[in-house]
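# Chain and residue survey
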Amino acid sequence: MSQFRDDLSLASGWVADYLERVRDLPVVSQVAPGDIRSALPASPPEAPEDFATVLADLEQVLLPGVTHWNHPRFFAWFANTGSEPGVLGELLTAALNVNVMTWLSSPAGTELEVTVLDWLAQLLGLPSGLHGHIEDTASTSTIAVLAAARTLRPGGVVYASEQANFVVEKAARLVGLEYREVEVDSEFRMRADFPLDDATAVVATAGTTGTTSVDPVATLAARCAEAGVWLHVDAAYAGSAAICPELRWCLDGCEHADSIVVNPHKWLFTPMDCSTLWTRRPEAFHDAFAIRRDYMESTDAALDLKDYGPALGRRFRALKLWLVLRMYGAEGLRALIREHVRLAQLFASWVDAEPGWEVAAPHPFSTVCFHHAGSDSDEIARRANATGKLFVSTAGLGGRTVIRLAIGNGQTTEDDVRLAWEVLCASVP
Ligand code: PLP
């Protein structure tokens, strides 16, 4: 045990140092495919090795192959944060190592999960009384949702906008439902005038992956209610913004949706993985997933979370979210979200003011899509990323490619965003 205490202090020292020095590391790994594999032994060790040796290999062999998601100038896809409270939560989770399958398998795991989901629903302004649970990712949440929707209307079509994340199509495929894309309007929002007669579910997105556009959820909700069709809202990224009252409009209409997903592992400072899913139709999830066997006792009066999603084994993810909500407090989380939105608006104003550059889509949150007239966006992004100073991604939009700068790391400052802009300007061929 005393060796473990020494190892733990070595590990915690490494983690604290890493979070301090990550800003000085190249954001994107500079290794070539196969480099890391060839630096690792082909076979596992026969004799035990000590932690210090393994940690040295993490530093020397693996770290060069890490693209640093926890870097303050990681602006690709949706930037996120393995925050200090979240890191502590992961440590405690591994030590407890509980499996939140049934109430009996972890009473605290089960009851903390529903409590934390209830807290977060309050912070987001969602209606009270929703059933909430945690899945690993929005990918899995969407599979769970479509499986639940299918119990009410089997064999129909899943509609989502052409800007919806491909995980919706993946989920539809997995549960054996046909998938159809719906056109978007000039601001990349799903059109709401498509026929619903053959639909099992409609998936609206609040904060699409490309431009962060928000589909007309209230209109879709009214149409789905009339047609008896399940409405799911994918708010994986932008939903977190609703903790700020002035941004709560992004979830307008969600009070009438059948289910909604928000990913705290995207923009709520919670380490991978944590996807929060609420529904007002828990019985449909139960019908889709509940199976009883005599080797797993259930307590009739209690909640068995294994009955609401695809997995039996479930990590104690609520613990890290609990730490995040408590250690930042709602005001700490709001301050960070507001700062990210402010920085994104500032960045967009620099793009607007610079001849040759153009903002390509509305940017209500912390993500800006832009391009340089006459230059190849992929080439600019490639050159900028090769400097190691930042990481941006690109997206196809209305027949052209644009650069996306997504702010979401808790350590990002105005200086980081300014440096990114300078590097991007210098990267025009
Ligand atoms: N929905 C949206 C809008 C997303 O942007 C993403 C990922 O970026 C997903 C769903 C998928 O999330 P996950 O990686 O948690 O499956």
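Shown above is the structure to which this text applies.
Here's what I pulled together on the structure shown here. (Residues numbered from 1 in each chain as written. Predicted model: local features only at pLDDT ≥ 70, side-chain atom pairs only at ≥ 80, totals over all residues. Heavy atoms only, no water.)

In the vicinity of the ligand, 13 residues are found, and the nearest of them are Ala138, Ser139, Thr209, Asp234 and Asn263. Here aspartate 234 contributes a side-chain N or O atom positioned 2.6 Å from a nitrogen atom of the ligand. With respect to the ligand, the side chain of histidine 265 contributes an N or O atom lying 3.2 Å from an oxygen atom. At the level of elements, helix 6 (138–152) and helix 9 (264–267) are the ones that each hand at least two residues to the shell around the ligand. (Near = heavy atom within 4 Å. Polar contact = N/O pair within 3.5 Å; in protein donor to acceptor, adjacent residues only side chain to side chain. Helix = DSSP H or I, 4+ residues; strand = E, 2+ residues; numbered from the N terminus.)

Given 3.6 residues to a turn, an α-helix orients residues that are three or four positions apart in the same direction. For helix 1 (residues 2–21), which comprises 20 residues, the first-to-last C-alpha distance of 28 Å matches the rise-based estimate of 28 Å (1.5 Å per residue) to within 8%. Restricting attention to buried positions, one finds in helix 1 the residues Asp7, Trp14 and Tyr18. End-on view of helix 1: buried residues confined to an arc of 35°, all on one side of the axis. Facing away from the buried surface of helix 1 by more than 90 degrees, the exposed residues are Ser2, Arg5 and Glu20. In the core, the buried residues of helix 1 are packed alongside helix 3 (51–62). (Expected span 1.5 Å × (residues − 1). Buried < 20%, exposed > 50% of the residue type's maximum accessible area, 1.4 Å probe, protein only. Arc of directions from axis to C-beta. Contact = heavy atoms within 4.5 Å.)

The grouping of Phe4, Leu8, Leu91 and Leu92 at the surface amounts to a nonpolar patch, some 350 Å² of accessible area in total. Taken together, the elements giving at least two residues each to the nonpolar patch come down to helix 1 and helix 4 (84–96). With respect to the helices and strands, phenylalanine 4 occurs in helix 1. Residue class for phenylalanine 4 comes out partly exposed when judged on its relative accessible area of 45%. (Patch = residues over 30% accessible without salt bridge, like charges linked within 9 Å, V, L, I, M, F, W, Y side chains within 5 Å. Areas by Shrake-Rupley, 256 points an atom, 1.4 Å probe, with all protein chains shown as cover. Salt bridge = Lys/Arg side-chain N within 4 Å of Asp/Glu carboxyl O.)

Let us now look at the side chain of serine 161. As for its placement among the helices and strands, serine 161 is situated in strand 2 (residues 157–161). We classify serine 161 as buried; its relative accessible area is 0%. In this structure the side chain of serine 161 is engaged in a polar contact, spanning 2.8 Å, whose partner is the backbone nitrogen of glutamine 163. Those residues in contact with serine 161, other than ones at most four positions away along the chain, are Tyr179, Glu181, Val182, Val184, Met190, Val203 and Asp215.

We now examine the nonpolar core. Core analysis: the largest hydrophobic core is formed by 89 residues, its most contacted members being Leu146, Val202 and Leu251. The greatest single-element share of this core, amounting to ten residues, is contributed by helix 11 (residues 318–353). In this structure, Phe75, Leu343, Val392 and Ile407 belong to the second largest nonpolar core, which totals 24 residues. (Core = buried A, V, L, I, M, F, W, Y, C linked by side-chain atoms within 4.5 Å.)

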